[in-house]
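Letter by letter, the chains look like this.
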Amino acid sequence: MSAQTTDTNTDPAVEPIDQDKLTRAQKALLALSNDVATQLAEDHGVCVRPLAMRRIDLTSGRVDVVPVPCGSTREDQCRPCSDKARRLRMVQCREGWHLEDEPISKPADPSERQKELMATRADLHAAYTLGREEGDERECEEIRETVEELDAELRALGVRGRLAPLDPTPQTVRRSTRRRQDAPNLPRRPVEDRTVGRVFGGKYRPSTFLTLTLDSYGRVDRNGAAVDPDSYDYRRAARDAIHFPKILDRFWQNTRRCVGWDVQYFGTVEPQKRGAPHFHAAIRGTIPRSELRAITEATYHQVWWPAHDEIRYSGASVPRWDDHHKAFVDPDTRDPLQTWDEATDPDALTAPAHTVTFGAQVHVKGVLGGSEEAGRHIGYLTKYLTKSVGQAAGLDETATERQRTHARRLAAELAITPCSPRCPIWLLYGIEPKGARPSTTPGVCKGKAHKPDHLGIAGRRVLVSRKWSNKSLSDHRAERTAFVRQLLDQAGVKPAYAVDDGPFEWETTKAGDTEVPTRPVLLLHAINQRQRWRADYDAALMATSEPPDDGCSATEEAAA
C-alpha cells in the first residue's frame, strides 16, 4: 500500500486511489491536505504561519483580508521566514564590512522654520519654569499642551533626537569611573571621526573577524557538560550570562578609546556547548592582535547591585503586598521591605555585587573583502540565527543525559538570579524591585533570561553598530523591493496582479471573524501570489538578460 501511495504522488499515470475502499490504517498513511499545503509553501518560500490582517486602502476604500508573514526567526516555527531573515542579515553584514567610503553623510542644516519653532519652545520652557515657581497650574497645563503641538510639528519637519522635557527627571547618581587597581591600564587616544580602515600596499583594505569568550567555570567534557557539577561555578556562569551585554558595550567603548577611531562592527551572540555566551564580530578595518588582546584583558563590568548571595524568603513564606503601606512587607513582622533606591544608595554599597570579565581565549583574524574567506565568515556569523539558544548549544534530541543535567543546574541558578532592577526575584532577597505592584509575584519573572531554553541570554542575538551601513533592516527590504520593481519596469513587464502602494491602514482580525479565511486558504492565497510574482520576475530576467551560448537557463542561474 505504501508503494502505491508513493507512485501516486510521483507518477500521474498510475490509477487514482479509491479512498472509500481503504482501511483506516491505510488511510492514515496518506498525506494530509494541510501537510501538502505547508510543504508546498516551504518549497515556494512562503510563510507557513501567515497572519490574517485586514488591509484598508485609504484611497479607494477597498477592504481585503490578506496573509501577512509571521516574521519568525526560528526555523522550528517557520523555515521560510527564518531563512529570509537570515539572508537579510547576511546582506547587512556584507554591505558594511569592507566599505571604502564613510557610510554616514552630514546631517542637514536646520531650516529657518525649525529654528523659529525651537525659539518659541525655549520661551515656553522659561514660562513653564516660572509658572511652576508661582504655582500657576492652569498656565502650566496650557503650556504643556502647546509644547506637545510644537514637538509634533518639529518631528514632522524632520527634527530628530530627544527634546528637552518640561519636567526633567532627577539625574541618577553616577559612580566614579576610576579603574580597578587590578585591571591593566589602556592608552586613551582622541577618537577620530572615521569608520573605515587603513589601506595597505595602496590597494588592500583588510578587515577583522573577532571572537570573545567568557571565563572558565570548571572542567567540561567534549559535549560541554560539567565533569564535576558540584565544583562547577553555576552561580558565576548565570550572572556572567545575564550581564554579558554590558561587558560587550564596555569592550567597544574601550576599543574606540584605545585605537583612536570610531570602530564599527556586526556581531552575533551565540552559546557555547557549555551554555556560556560568546561573541563573534566582523569589524571594519584592522586592529593589531596585541591591542585587541590587551583591550579584552583590561575590560570588565562591575554590577553595582545589592548583594544577592543568600535567599531570605522561599516556599510559602514570601513577602506580601500591603495596601496600607502600598509596598511589599515581611510576612511575619509586616514591616515594609527595603526599596531598590535604599538598597542601592552609594553610601550603602561598598563593593560591587558581581564583576564580569572575559576569558583568556581571544580569536583574531584578518579578512580581505570580496574573498571566499569573507563569504565563509559571513555564513559562520549567521549560522545559528535560525536556531533557538538551546538548539544552538546542542540541547536537542541528540543531547546526552549529562548535557541535560548540566543545563538543568544552570537553569536552576538562573531562576534565582535577578535579571534587572525590576525583576520580582529581588523579593526573595528582601528587596522591593523598581515598579513593584500588587500583581507582582515574588520569585516569578517572565524575562527571557529565566527561561530554560535561553540559558541566560536575554538580549538581542545580533548587535550592529549605528554607523555600520547607515541602513536598517527595513531599508534593506525596501531596496530589494525597489530592485524588483525597477527590473519589471526596465523589461516592460506588467505584473499579473495589481501592485498597490497604499496608503493603507492595517487592522488585526479577531478570533471568530467570519470574513477571515482558514489557515490552509491563507496559505493557498500566499502561494498563488508568490507563483505569479515569480513568473513576472523570471519573465523580466529573460527580457533583460542575453541567453548564454551553451543554452543554459539564465533564469535558473539568476534564481539560484
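Residues numbered from 1 in each chain as written. Predicted model: local features only at pLDDT ≥ 70, side-chain atom pairs only at ≥ 80, totals over all residues. Heavy atoms only, no water.

### Observations concerning empty space enclosed by the protein
Right, on to step 1. For the structure shown, the criterion picks out 3 cavities of 30 Å³ or more.
Right, on to step 2. Here the largest cavity defines a volume of roughly 70 Å³.
Right, on to step 3. The wall of the largest cavity is formed by 13 residues, among which K273, L395, Q403, H406 and A407 lie closest to the centre.
Right, on to step 4. Among the residues making up the lining of the largest cavity, the classes are represented as 6 nonpolar, 5 polar and 2 charged.
Right, on to step 5. In this model, the second largest cavity occupies a volume close to 50 Å³.
Right, on to step 6. Every residue along the wall of the second largest cavity is listed here: Y217, Y232, Y234, A237, A241, R274, G275, A276, P277, H406 and L410.
Right, on to step 7. Secondary structure elements with two or more residues in the lining of the second largest cavity: α7 (234-242) and α13 (401-414).
Right, on to step 8. With 3 residues, the single largest contributor to the lining of the second largest cavity is α7.
Right, on to step 9. Within the lining of the second largest cavity, the residues separate by chemical class into 8 nonpolar, 2 polar and 1 charged. (1 Å grid on protein atoms, 1.4 Å probe; cavity = no way out; pocket = protein on both sides within 12 Å on 5 of 7 lines; lining within 4 Å. Points joined across faces, edges and corners; volume = space filled by probe spheres on them. Nonpolar A, V, L, I, M, F, W, Y, C, P; charged D, E, K, R; others polar. Helix = DSSP H or I, 4+ residues; strand = E, 2+ residues; numbered from the N terminus.)

### Things to note about the sheet that holds strand β2 (residues 63-68)
Right, on to step 1. Strand order in the open sheet made by the 3 strands is β2-β1-β13, with antiparallel pairing throughout. With partners counted over all chains shown, the strands left at the sheet margins are β2 and β13 (504-508), one partner each. This sheet shows a mean twist of 35° between the axes of neighbouring strands, independent of strand direction.
Right, on to step 2. Of the strand pairs in this sheet, strand β1 (residues 51-57) and β13 are connected by 5 bridges, and their pairing is antiparallel. Looking at β13, one finds that R54 is bridged to E507. (Pairing = 2+ DSSP bridges. Axes fitted to C-alpha atoms, helices over the stretch in contact; angles between N-to-C directions.)

### Describing unusual backbone geometry
Right, on to step 1. In the Ramachandran plot, K326 falls in the positive-phi region, its phi being about 55° despite a non-glycine side chain.
Right, on to step 2. Tracing the backbone shows K326 in the loop between β7 (320-322) and β8 (327-329).
Right, on to step 3. Positive phi is not limited to glycine here, since N470 has a value of about 60°.
Right, on to step 4. Mapped onto the secondary structure, N470 falls in the loop between β12 (462-464) and α14 (473-491).

### Overview of the pairing of strand β4 (residues 265-271)
Right, on to step 1. Most of β4 is tucked away: 7 of the 7 residues are buried.
Right, on to step 2. Here β4 shows no split at all, with Y265, G267, V269 and P271 on one side and F266, T268 and E270 on the other all buried.
Right, on to step 3. As paired elements, β4 and strand β5 (residues 277-283) share 7 bridges and run antiparallel to each other. Within the sheet, the bridge partner assigned to F266 lies in β5 and is A282.
Right, on to step 4. Hairpin connection of β4 to β5: 5 residues between the antiparallel strands, including G275 at a positive phi of 95°.
Right, on to step 5. Looking at chain direction, β4 and β12 are connected through 3 bridges and run antiparallel. Residue pairing for β12: T268 is matched across the bridge by V462. (Buried < 20%, exposed > 50% of the residue type's maximum accessible area, 1.4 Å probe, protein only.)

### A word on the pattern of salt bridges
Right, on to step 1. Within the structure shown, the criterion is met by 31 salt bridges.
Right, on to step 2. A salt bridge links R461 to E270, with the nearest nitrogen and oxygen atoms 2.8 Å apart. Highlighted residues: R461 in the loop between β11 (431-432) and β12 and E270 in strand β4, separated in sequence by 191 residues.
Right, on to step 3. The exposure class of R461 is buried, given its relative accessible area of 18%.
Right, on to step 4. What makes E270 buried here is its relative accessible area of 4%.
Right, on to step 5. What emerges from the salt-bridge pattern is a single network uniting R235, R239, D309 and E413. (Salt bridge = Lys/Arg side-chain N within 4 Å of Asp/Glu carboxyl O.)

### A look at helix α9 (residues 289-298)
Right, on to step 1. Burial in α9 covers these residues: L292, I295, T296 and A298.
Right, on to step 2. In this fold, the buried residues of α9 make contact with β3 (207-214), α8 (244-259), β6 (300-303) and β10 (354-367). (Contact = heavy atoms within 4.5 Å.)

### Some points on the sheet that holds β12
Right, on to step 1. Taken in spatial order, the 6 strands of this open sheet run β6-β10-β3-β5-β4-β12, and their pairing is antiparallel. Two strands close off the open sheet at either side, each with one partner strand: β6 and β12. Along the sheet, successive strands turn relative to each other by an average axial angle of 20°, direction set aside.
Right, on to step 2. Here β6 pairs with β10 via 4 bridges, running antiparallel. When the sheet's bridge partners are listed, H301 is paired in β10 with V356.
Right, on to step 3. Here α7 sits on the sheet and contacts β3, β5 and β10; the angle it forms with β10, its principal contact strand, is near 65°.
Right, on to step 4. Of the strands in this sheet, β3, β4, β5 and β10 touch helix α11 (residues 372-381), which is tilted by about 150° from β10.

### Describing the packing of aromatic side chains
In this description, a pair of aromatic rings is defined by centroid distance and the angle of the planes.
Right, on to step 1. Throughout the structure, instances matching the rule amount to 16 aromatic pairs.
Right, on to step 2. Across the ring face of F504, the terminal group of R55 is positioned such that the distance to the ring centre comes to 4.8 Å.
Right, on to step 3. The side chain of R284 reaches across the aromatic face of W468, ending 5.3 Å from its centre. (Phe/Tyr/Trp six-rings, centres within 6.5 Å; stacked < 30°, edge-to-face > 60°. Lys NZ or Arg CZ within 6 Å of the ring centre and 35° of its normal.)

### Description of the environment of C445
Right, on to step 1. Turning to its location among the elements, C445 is positioned in the loop between β11 and β12.
Right, on to step 2. With 26 residues separating them along the chain, C445 and C419 place their C-alpha atoms 8.7 Å apart.
Right, on to step 3. What C445 contacts, discounting residues up to four positions off in sequence, is C419, C423, P424, I425 and H450.

### Side note on helix α5 (residues 112-134)
Right, on to step 1. Taking 1.5 Å per residue, 23 residues should reach 33 Å; α5 reaches 33 Å between its end C-alpha atoms and fits that length.
Right, on to step 2. When we look at burial in α5, the residues that qualify are Q114, L117, R121, L124, Y128 and G131.
Right, on to step 3. Packing partners of the buried residues in α5 comprise α6 (137-156).
Right, on to step 4. Trailing α5 by a residue or two, G135 shows a phi angle of about 75°, which is positive. (Expected span 1.5 Å × (residues − 1).)

### Quick look at the side chain of N254
Right, on to step 1. Structurally, N254 can be placed in helix α8.
Right, on to step 2. Look at N254 and you get buried, because its relative accessible area is 8%.
Right, on to step 3. In this view, N254 contacts L186, I295, A298 and T299; residues no more than four positions away in its chain are not counted.

### Remarks on the packing of α14 against helix α15 (residues 519-544)
Right, on to step 1. Where α14 meets α15, the closest approach of the two axes is 9 Å, and the angle between their N-to-C directions is 55°. Here α14 is positioned oblique relative to α15, judged by the angle of their axes. Handedness of the α14/α15 crossing: left-handed. Between α14, through F483, V484, L487, L488, Q490 and A491, and α15, the contact on the second element is made entirely by W533, D536, Y537, A540, L541, A543 and T544.
Right, on to step 2. Looking at the contact of α14 with α15 residue by residue, the class counts come to 10 nonpolar, 2 polar and 1 charged. (Parallel < 35°, antiparallel > 145°, perpendicular 65-115°, else oblique. Left-handed = near helix turned anticlockwise from the far one by under 90°.)

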